[in-house]
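Below are the chains, spelled out letter by letter.
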Amino acid sequence: MPIPRVYCLLPASHGEGVLVLLSVSTPCPGLFYATPAKDGILSRIRIPGGILNSKQCRAIASIADMYGGYVDVTNRANLQIREINQGINTEVLQQLQDLGLGSRNPMIDHIRNIMTSPTAGIDPQELIDTRPFVQAWDDYLAAHSELAGLSAKFSVCFDGGGLVSVCDRLNDILFAAVLIENHIYFRLHLGLGEKRKPPNDVGILVSPDECLFVLAALADVYLAHIDTSIKRKPRLREVINNLGCHRYLEEVEQRLPFAGKRDQKLADVVEKKTNFSHIGIHSQRQKNLFYIGVVLPLGRLKSQQIRGLADLAQKYGSGTIRLTPWQNLLITDIPQQCIVDVQSEITDLGLDFSTNNIKSALVSCSGKSGCAASATDTKAHALTLSDYIQTHVKLDSPINIHFSGCEKSCAQHHHSDIALVGVSDRNLESYHIYVGDGNSDEKFGRQLYQNVTFEEVPTLIETMLKVYKSYRCHPEESFGQFTNRYTISQLKQLFFQPLNHLRFSAVCN
Ligand code: SF4
């Protein structure tokens, strides 16, 4: 596979869409920064807030047709096009840019997508609609080319305090809405601790109209303390920890045109987890309107499915499709009387909207087919497992199962209910299996089994799920919470002798 050129279509202000070479490689893909992968060149379309209109969806479907015939929704609500042979030509790039896809300023197109709850503006319980904040930060990035010096992993998230929380997602900076004495603020959270942990509350309250100033100052302090000419930029966490959080925040405050508001009563908003509650049919805050959370098997959409969903969104709703950080999507603004028709048309597209579908919370990294580091064919294994479970276990709630081809855990960096991490054992594709929450040293949760060959995985997971259904304290107890109540040796006994009910049921309280 030849290493592709990293190309950049400069914006109109620099000339008429001129294609220039920026560098020979980049660690993070963007629409203008294609990256080699095992299955071809990988291009990532940055979609702030994950919100797309029908026209954009159709354009994406046409591009997908030119390559692998599909796109993948990522865990930052981007879209990835894979299996590209020669790079996307400049005409297509220009067309996408004209449709508002990818950044208006390619210099900052590699910076991580801006995240927010996929139900922003429609969530019945949210404190504030975060879509304008996403737009404002995206506009600010596009207008300030010097921010190209930020780490590509400089990641920002806004949570409006609604039912579908994104507070536990991995981001460098999180603004989490809270209500204090009838005023809405954002609590500032920064990634300070270990890698792969959600950001920490730093005891600062930011009023909505101060958000952009604070973000700009956070970025400016970062740039002031790094060598922008070097290729590998440090993560924000490293810069904060080198400088000390207190000093970093002091420097931020020096750049603000107002005094910062401190609140030392730290709030644990990151504990709010979504539990895939957005899948299925839900009422919006707007009267008589509903959104439908659609399950995408492993985040993959075929081009005809993208077109079909775009048509559906336009015919029954506002033409809007929202990608989620859980690699599925929402169709919004559906009047109640149209729900049955929309459900039936989603089914006709070969998709589903049920939380009981094992694929609703199944996540996999690209695995052997797309990544040279992978020990296992994670995507194929995840689909085989889900087909098996679908016919052997009747689920009544989502189970978050995560397949990774190696310890890097690209698809999902934090604990799931069940995590399978690929290992090569005597030339057999095998997995270490982890469950629930572990301590801070345990990236995937607690290790339950080692070197389980994939052939053994489906029946083992079937047993685990059946035991969970019999032994959980109440229907709302998640699989992860259930496993957290037992030691590893107790779990092994339970899963080995699932009928040993009496001995363990007393633990429930
Ligand atoms: S988790 Fe490992 S195998 Fe999977 S995509 Fe990332 S680096 Fe590749």
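Each residue is numbered by its place in its chain's sequence as written, counting from 1. Note on the predicted model: pLDDT of at least 70 is required for a residue's local features to be given, and 80 or more for side-chain atom pairs to be given and counted; whole-chain, interface and lining totals, by contrast, use all residues. As a rule here, side-chain values cover all heavy atoms of the structure and leave hydrogens and water aside.

**Side note on the overall build of the protein chain**
Reasoning step 1: Per the convention used, a helix needs a DSSP run of H or I reaching at least four residues, while a strand needs a run of E reaching at least two, with both numbered from the N terminus. Looking only at helices and strands, the protein chain features 14 helices and 23 strands.
Reasoning step 2: Partly exposed describes any residue whose relative accessible area lies between the buried limit of under 20% and the exposed limit of over 50%, with all areas from a 1.4 Å probe on protein chains only and scaled to the type maximum. Out of the 509 residues belonging to the protein chain, those deemed buried represent 57%.
Reasoning step 3: Should any heavy atoms of two residues lie within 4.5 Å, those residues are considered in contact. Here the analysis covers contacts within the protein chain between residues at least 6 apart in sequence; of these, 65% occur between residues at least 24 apart.
Reasoning step 4: Under the convention used here, a 1.4 Å probe and the Shrake-Rupley method define accessible areas, while residue burial counts only the protein chains that appear. Entry remark: accessible area of the protein chain is about 21,200 Å², with carbon and sulfur atoms responsible for 51%.

**Topic: helix 10 (residues 378-392)**
Reasoning step 1: Between its first and last C-alpha atoms helix 10 spans 21 Å; for 15 residues at 1.5 Å apiece the expected length is 21 Å, and the two agree.
Reasoning step 2: Within helix 10, burial applies to T378, K379, H381, A382, L385, S386 and I389. Buried residues of helix 10, seen end-on, are gathered within an arc of 155° and therefore sit on one face of the element.
Reasoning step 3: Contact partners of the buried residues in helix 10: strand 16 (300-302), strand 19 (362-364), helix 9 (367-370), strand 20 (401-404), strand 22 (428-435) and helix 11 (457-471). Here, expected helix span is obtained from the residue count minus one, scaled by 1.5 Å. This arc corresponds to the set of directions leading from the helix axis out to the C-beta atoms.

**A closer look at the packing of helix 7 (residues 303-316) against helix 8 (residues 339-348)**
Axis angle and axis distance: for two packed helices, these are the angle between their axes and the distance between the axes, and together they describe the pair.
Reasoning step 1: Angles here are taken between N-to-C directions and fall from 0 to 180 degrees, while the axes themselves are lines fitted to C-alpha atoms, restricted in helices to the stretch in contact. Between helix 7 and helix 8, the least distance of the axes is 11 Å, while the angle of their chain directions is 170°. If you check the angle between helix 7 and helix 8, you find them roughly antiparallel. Taking contact as the criterion, the partners of L312, K315 and Y316 in helix 7 are, on helix 8, D341, V342, E345 and I346.
Reasoning step 2: Note that Gly is not counted as nonpolar here; it falls among the polar residues with everything else outside the nonpolar set of Ala, Val, Leu, Ile, Met, Phe, Trp, Tyr, Cys and Pro and the charged set of Asp, Glu, Lys and Arg. By residue class, the composition of the contact of helix 7 with helix 8 is four nonpolar, no polar and three charged. When describing relative orientation, an angle under 35 degrees is termed roughly parallel and one over 145 degrees roughly antiparallel, while 65 to 115 degrees is termed roughly perpendicular and anything else oblique.

**Observations concerning the sheet that holds strand 5 (residues 51-53)**
Reasoning step 1: If you trace the five strands from one edge of the open sheet to the other, you get 5-17-18-15-14, paired in antiparallel fashion. Strands at the two margins of the open sheet, each flanked by one partner only, are strand 5 and strand 14 (280-283). Pairwise comparison of adjacent strand axes, ignoring direction, gives a mean angle of 30° for this sheet. One requirement defines pairing of two strands: DSSP has to find at least two bridges between them.

**Observations regarding the nonpolar core**
Reasoning step 1: Side-chain atoms within 4.5 Å are what join buried Ala, Val, Leu, Ile, Met, Phe, Trp, Tyr and Cys residues into a set we call a nonpolar core. L79, L323, L329, I331 and I346 are the most contacted members of the largest nonpolar core, which totals 44 residues.
Reasoning step 2: An automatic or database domain assignment is the source of the domain bounds shown. Counting contributing residues per domain, this core is built from domain 1 (6-104) and domain 3 (280-355), each supplying no fewer than three.
Reasoning step 3: When sequence neighbours within four positions are dropped, the list of residues in contact with L323 reads I47, G49, G50, L52, V73, A77, N78, L79, P118, N328 and L329.
Reasoning step 4: Core analysis: the second largest hydrophobic core is formed by 41 residues, I128, W137, L141 and V239 among them.

**Things to note about the packing of aromatic side chains**
Reasoning step 1: Between 30 and 60 degrees the pair is tilted, below 30 it is stacked and above 60 it is edge-to-face, where a pair is any two Phe, Tyr or Trp rings, Trp via its six-membered ring, whose centres lie within 6.5 Å. The tally for this structure, following the rule as stated, stands at 14 aromatic pairs.
Reasoning step 2: Taking the centre distance of 5.5 Å and the plane angle of 15° together, the rings of W137 and Y140 count as stacked. Pair noted here: W137 and Y140 are both in helix 3 (residues 131-143), with a separation of three residues, about one helical turn.
Reasoning step 3: Residue Y140 is classed as partly exposed on the basis of its relative accessible area, which comes to 24%.

**Some details on the confidence of the model for the protein chain**
Reasoning step 1: Confidence of the predictor in every single residue is expressed as pLDDT, which spans 0 to 100. Per-residue confidence for the protein chain gives a mean pLDDT of 85, with 86% of residues at or over 70.
Reasoning step 2: Across residues 1-26 the pLDDT falls below 50, and counting only partners more than four positions away or on other chains, this stretch makes 57 contacts in the model.
Reasoning step 3: Overall, residues 499-506 carries pLDDT values under 50, and its contacts beyond four positions in sequence, including any with other chains, amount to twelve contacts.

**Looking at the site of the ligand**
Reasoning step 1: A molecule or strand has a residue near it when one of that residue's heavy atoms lies within 4 Å. The environment of the ligand is formed by C365, S366, C371, S374, G405, C406, K408, S409 and C410.
Reasoning step 2: In terms of residue class, the shell around the ligand is built from four nonpolar, four polar and one charged.

**Considerations on helix 6 (residues 245-254)**
Reasoning step 1: The set of residues buried in helix 6 consists of Y248, L249, E251 and V252. Axial view of helix 6: buried residues confined to an arc of 155°, hence all on one face. Exposed residues on helix 6 whose side chains face more than 90 degrees from its buried face are H246 and Q254.
Reasoning step 2: Buried-residue contacts for helix 6 involve strand 11 (183-190), strand 12 (200-206), helix 4 (211-224), helix 5 (236-243) and strand 13 (261-262).

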